[in-house]
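# Structural overview for review
Each chain, letter by letter, is given below.
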Amino acid sequence: MKQLLKIYLICTIGMLVSCKQEERINVVAIENNEPIVERNDIARVEPPNWWIDFKNTELQVLIKHPNIAKASVEINYDGITIKKVHQADSPNYLFIDLNIAKTTKAGQFNIIFTFDNGNQLEQTYQLNSREKPAEEYIGFDSSDVLYLITPDRFANGDVSNDIALKHSGINESGQKVSMLKEATINRSDDYARHGGDIKGMTQHLDYIDEMGFTAIWPCPLLTNDMPKASYHGYAMTDFYQVDPRFGTLAEYRELADKAREKDIKLVMDMVANHCGSEHWWMKDLPFDDWINYQENYENKGKLITSNHRRTSNQDLYASQIDKNEMADGWFVSAMPDLNQRNPFMANYLIQNSIWWIETIGLAGIRQDTYPYPDKTFMSKWAGSIMNEYPNFSIVGEEWSINPLLIGYWQDGANNKDGYDSNLKSPMDFAMQHHIVNALNETEAWDTGLVNIYEGLANDFHYAKPKDIMIFPDNHDMSRIFTQLKGDIVNTKMALSYLLTLPRIPQIYYGTEILMNDFENPGDHGLIRTDFPGGWQGDTVNAFTGEGLADDQKDMQSFVKKVLNYRKNSKAIHEGETIHFAPENGIYVLFRILNDETVVHILNKNKDTVSVDLSRFQEVGLQDKTLRNIITGETIKWGDSLKFNKAGSIMLTTKL
């Protein structure tokens, strides 16, 4: 039997993309004592590798190389057929349509490019076997709580990557590769890079697990080679590369693997709407319509930014110019708007998402600015992913406090225009707004707690309310502690309420220790403050509790108790919901499944108050013993309950 020993000098076979495509990667194998050199003559190939056994057997490969359009293309590998080779408007691109037959075996093959003068270039391409069946990519649901992290501000696990090269190593000319455009660290500047990275998240998985979170959603980790404020990650300049200031592809995969060992799911933040203005293709766009308003950009004319009128997606009376400026306008001047109506761009974005799911082993995707791309494409994008991964999850950002708009984007919505986005989980900005108003306003017939009572009543509009994502705050809005004017009691009420709702909750890092932006409310750099203890020399360490104020420790303990109860509460995950209209500053909600009932009470009365329990007789708790989830104390559900201070009360029949 032939024995094949392959020694990969640069990367393992499934991780070739962690090396820069512009560098020539000579991967040497030894077979029968004869060297085999894998050719990598092409400047850029995307996707950089693929897999067998997908439902969709089609693959479109982007080739970027000087004057490559003049070459013919040949592949000789069992099961691989070239269906068509497309030239672009730029002579430096080819798009190769491949069919990968169901009988195709995993392995390597060469793509041969032959020019009229007889010269040839070769590119070795890798087809991998899939690690697990598509059905085993299990997404997040209402049993999960996601921990949202801005990686640059969470923890610096590897100081050696704080200031990074574009790519480590030496190029083919023996020259050191240039630095990234933002090559400094300055923790005193809220808009500079602070050094947090992937290793920082991996090193603190124990904290995340012990707090009770079951999934993590880091803001984007891909390269943002922008000249300033690149820390947030939403201006990608390479859709296939981990930003070296965050770490490597191998470290990203390690984060996913170690999280899975703790039953923590990893969600990837993606952007289909735009890229960064320094993206590699902006200097040589493949097609004349690769980005929207491309002629303006290339002729240095007026840049058209989005009007942000998201209702134009649904508005029966919207003008065409409003629709165009919403969907095609650049999000901001530094973020070119991608034209998903170009079929090559559409394929590129869909394949990129699938590539990351397989490469990292993701449990979900969070899609940024969901209503901004072409909405027909977004339906195709989400549908393509869910077709391949039927148990996967996607959450999309629709920043609207109008439940009609939120519901429109959810899969299964009965939309008048027949549109189905194939999106499992929109975001509940409406309920977040109601929660803040309910706790900030004084109680009256139409103000205060009635906001959340009537807000939750809007669930009749949603196809699947428990698949919607709820949150107290996120990386783009003031911290909930700031929104609630520094009121700790109200902050606890907000958090416990949303963690009891029929929803998928998300908590932003630091909310559990009362992080705030009082100094300049709404300032993004301040909202994304460093998590204390994530840097060597920090005098306060929130991971261990060292140096935290008593109020911070108390809030951290409160959140931990609620999360860890919720983790095992089938009633909260999938139970029936019953709530009662607020009366006298008190609002009561029940979650019920079989023999487990969870009672959530919001009490805004600062003075002692007694509640007549006969009103809740239909729930069937009479004379039952319940345990306080926070204090551990037990009570008997009798004729009345007495409260001597405002706050959140969480009771359970599980003793």
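## Topic: the nonpolar core
Membership of the largest hydrophobic core comes to 163 residues, with the highest contact counts inside it found for Phe113, Trp281, Trp356 and Trp381. For this core, the element with the highest residue contribution is helix H6 (residues 343-361), accounting for eleven residues. In this structure, Trp356 is in contact with Leu222, Phe239, Tyr240, Gln241, Val242, Leu249, Tyr252, Met268, Met270, Gly361 and Leu362, ignoring residues within four places of it in sequence. Phe580, Ile601, Val611 and Phe643 belong to the second-largest nonpolar core, a separate cluster that totals 20 residues.

## Points about the pairing of strand E26 (residues 640-643)
Every second residue of E26 is oriented toward a common face, the buried set being Leu641 and Phe643 and the non-buried set Ser640 and Lys642. Of the pairings in the sheet, the one linking strand E23 (residues 609-612) to E26 comprises four bridges and is antiparallel in character. In the sheet register, Val611 faces E26, and the bridge partner there is Leu641.

## What about the side chain of Glu596?
For Glu596, the position within the fold is in strand E22 (residues 596-603). Within the buried set, Glu596 has no salt-bridge partner at all; the shortest N-O distance to an opposite charge, 4.2 Å, is to Lys654. A distance of 2.7 Å separates a polar atom in the side chain of Glu596 from a polar atom in the side chain of Ser569. A distance of 3.3 Å separates a polar side-chain atom of Glu596 from the backbone nitrogen of Lys570. When sequence neighbours within four positions are dropped, the list of residues in contact with Glu596 reads Tyr565, Ser569, Lys570, Ala571, Arg591, Thr652, Thr653 and Lys654.

## Overview of the packing of aromatic side chains
Going through the model one piece at a time under the given rule, you end up with 51 aromatic pairs. With a centroid separation of 6.5 Å and 75° between ring planes, the pair formed by Trp290 and Tyr348 is classed as edge-to-face. With Trp290 in the loop between strand E14 (265-270) and helix H4 (294-298) and Tyr348 in helix H6, the pair connects residues that are 58 residues apart, well separated along the chain. Pairing Phe429 with Phe471 gives two aromatic rings, centres 4.8 Å apart and planes at 75°, and the pair type is edge-to-face. Residue Phe429 is found in helix H9 (residues 429-440), and its partner Phe471 is found in the loop between strand E18 (469-470) and helix H11 (480-483); the two are separated by 42 residues along the sequence. What makes Phe471 buried here is its relative accessible area of 0%. One cation-aromatic arrangement involves Lys64 over Tyr93; the distance from NZ or CZ to the ring centre is 5.4 Å. Cation over ring: Lys132 sits above Tyr137, and NZ or CZ is 4.5 Å from the ring centre.

## Some thoughts on the side chain of Gln126
Note that Gln126 resides in strand E11 (residues 120-128). At 3.3 Å, the side chain of Gln126 forms a polar contact with the side chain of Gln108. In this structure the side chain of Gln126 is engaged in a polar contact, spanning 3.1 Å, whose partner is the side chain of Asn128.

## Considering the confidence of the model for the protein chain
Overall, the predicted model of the protein chain reaches an average pLDDT of 93, with 92% of residues at or above 70. Long-range and interchain partners of residues 1-36, a stretch whose pLDDT sits below 50, account for 68 contacts in this model, where long-range means more than four residues apart. pLDDT under 50 marks residues 168-176. Its contacts with residues more than four places away, or in other chains, come to twelve contacts.

## Topic: the pairing of strand E21 (residues 586-593)
Where burial is concerned, most of E21 is hidden: seven out of the eight residues are buried. Relative to E21, strand E20 (residues 576-583) runs antiparallel, the two being bridged by six bridges. Within the sheet, the bridge partner assigned to His579 lies in E21 and is Leu589. Two successive antiparallel strands, E20 and E21, enclose a turn made up of two residues, where Asn584 displays a positive phi of approximately 55°. Inspection of the sheet shows E21 paired to E22 by eight bridges, in the antiparallel sense. Opposite Leu589, over in E22, you have His600 as the bridge partner.

So, how was this worked out
- Residues numbered from 1 in each chain as written.
- Predicted model: local features only at pLDDT ≥ 70, side-chain atom pairs only at ≥ 80, totals over all residues.
- Heavy atoms only, no water.
- Core = buried A, V, L, I, M, F, W, Y, C linked by side-chain atoms within 4.5 Å.
- Buried < 20%, exposed > 50% of the residue type's maximum accessible area, 1.4 Å probe, protein only.
- Helix = DSSP H or I, 4+ residues; strand = E, 2+ residues; numbered from the N terminus.
- Contact = heavy atoms within 4.5 Å.
- Pairing = 2+ DSSP bridges.
- Lys, Arg positive; Asp, Glu negative; His and termini not counted.
- Salt bridge = Lys/Arg side-chain N within 4 Å of Asp/Glu carboxyl O.
- Polar contact = N/O pair within 3.5 Å; in protein donor to acceptor, adjacent residues only side chain to side chain.
- Phe/Tyr/Trp six-rings, centres within 6.5 Å; stacked < 30°, edge-to-face > 60°.
- Lys NZ or Arg CZ within 6 Å of the ring centre and 35° of its normal.
- pLDDT = per-residue confidence, 0-100.

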